[in-house]
Amino acid sequence: MKINDILSVLEEVGPLSLSDEFCRKLNAYDNSGIIIKSSEEVNGALFSLDLSHKAVARAKSLGYNLIVTHHPAIYHAVRRLDAVTDPNASAIPECIKEGISVISMHLNFDTAPQGIDYHLMKGLGGQDAQILIELNGGGYGRIYDIRPQNFKEYFNNVKQTFSTERAICFGKDRLIQRVASFCGAGCDDKSIAFAYKNNVDVFVSSELREHEIAALTANGINVIVLTHYASENYGFNKIYQSIKEKLKLPSEYFCDDELL
């Protein structure tokens with residue numbers, strides 16, 4: 001199967017135009033698509049949230065010559081690579097040396113109709129949602145109702161669903177039924193205002209700062225902080241499971257448990 005055919009299958013989930021639309025709308029930046037092209041033909045694909053030395057080692061051991069990542073393997077201009085103090089910096093030259101291509105599907109997979117932010121909502125118990133940033137057929141940032149339950153019970157269910165013990169929570173153990181969620185580092189003034197406006201009980205995201213947690217809890221909103229990896233690995237794996245048969249080549253999903 002050719003690398004452009006793989007890209008076409010990936011774009012059935014989240015077209016690159018979604019990333020372009022998101023960047024235009026929010027004056028943001030992304031670098032999705034084919035990042036490293038070492039050959040036209042693909043003999044196997046490893047899916048990994050990040051391009052890490054662990055992922056490259058796994059692809060090599062399987063004999064695969066393509067890694068599909070969520071986070072862009074190259075984001076901004078590369079000015080230097082320090083493989084001595086940063087092991088992951090060796091991943092890019094190692095891919096080139098070993099003839100491994102890399103495709104990264106970032107904001108387009110975040111915002112796809114059944115993308116990573118959508119699957120975060122599903123994993124958190126939501127169905128239909130109000131969307132903060134609406135795009136053509138997709139969006140980012142969701143608010144939705146869940147089955148009424150005590151917060152402690154809900155938090156334990158979240159840790160189990162997302163296979164993590166590194167999540168932390170803030171707020172009183174009380175009945176909750178309305179959730180706001182944002183995959184990755186999605187906490188900012190707009191997302192917090194969105195939560196306030198829609199009377200949510202729980203705010204879920206990653207990389208929240210102390211003053212943001214304090215403001216949310218002071219306004220009666222409980223908080224769950226997932227690791228960035230856990231909040232996005234769940235949905236990226238769901239996407240892989242949904243398309244692996246369409247790839248028509250050997251493939252595997254790689255999860256770095258140390259980051260969950």
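Shown above is the structure to which this text applies.
Residues numbered from 1 in each chain as written. Predicted model: local features only at pLDDT ≥ 70, side-chain atom pairs only at ≥ 80, totals over all residues. Heavy atoms only, no water.

**Student:** Which residues make up the overall build of the chain, and what values do they have?
**Tutor:** Scanning the chain for helices and strands turns up 10 helices and 11 strands. Over its C-alpha atoms the chain spans a radius of gyration of 19 Å, differing by no more than 12% from the 18 Å that the globule rule assigns to 260 residues. Considering only C-alpha atoms, the chain reaches an extent of 55 × 40 × 35 Å along its principal axes. In the chain, which comprises 260 residues, the proportion classed as buried is 52%. For the chain, long-range pairs separated by at least 24 residues make up 68% of all intrachain contacts whose partners lie at least 6 apart in sequence. Here the chain displays about 12,200 Å² of accessible surface, and carbon together with sulfur accounts for 48% of that area. When the 26 basic and 33 acidic side-chain charges of the chain are each reduced to a single mean position, those positions are 2 Å apart. (Helix = DSSP H or I, 4+ residues; strand = E, 2+ residues; numbered from the N terminus. Rg over C-alpha atoms; globule rule 2.2 N^0.38 Å. Buried < 20%, exposed > 50% of the residue type's maximum accessible area, 1.4 Å probe, protein only. Contact = heavy atoms within 4.5 Å. Areas by Shrake-Rupley, 256 points an atom, 1.4 Å probe, with all protein chains shown as cover. Lys, Arg positive; Asp, Glu negative; His and termini not counted. Charge placed at Lys NZ, Arg CZ, Asp CG, Glu CD.)

**Student:** Can you explain the pairing of strand β4 (residues 101-104)? Please cite residues and give values.
**Tutor:** Side chains of β4 alternate between two faces, with Ser101 and Ile103 and Val102 and Ser104 buried alike. As judged from the three bridges shared by strand β1 (residues 33-36) and β4, these two strands associate in the antiparallel manner. The partner of isoleucine 34 across the bridge, within β4, is isoleucine 103. Across four bridges, strand β3 (residues 66-69) lies against β4 in parallel orientation. Opposite isoleucine 67, over in β4, you have valine 102 as the bridge partner. (Pairing = 2+ DSSP bridges.)

**Student:** Quick one: what's the story with the side chain of serine 101, residue by residue and with numbers?
**Tutor:** Within the secondary structure layout, serine 101 lies in strand β4. Side-chain polar atoms of serine 101 contact the backbone nitrogen of serine 38, separated by 2.8 Å. (Polar contact = N/O pair within 3.5 Å; in protein donor to acceptor, adjacent residues only side chain to side chain.)

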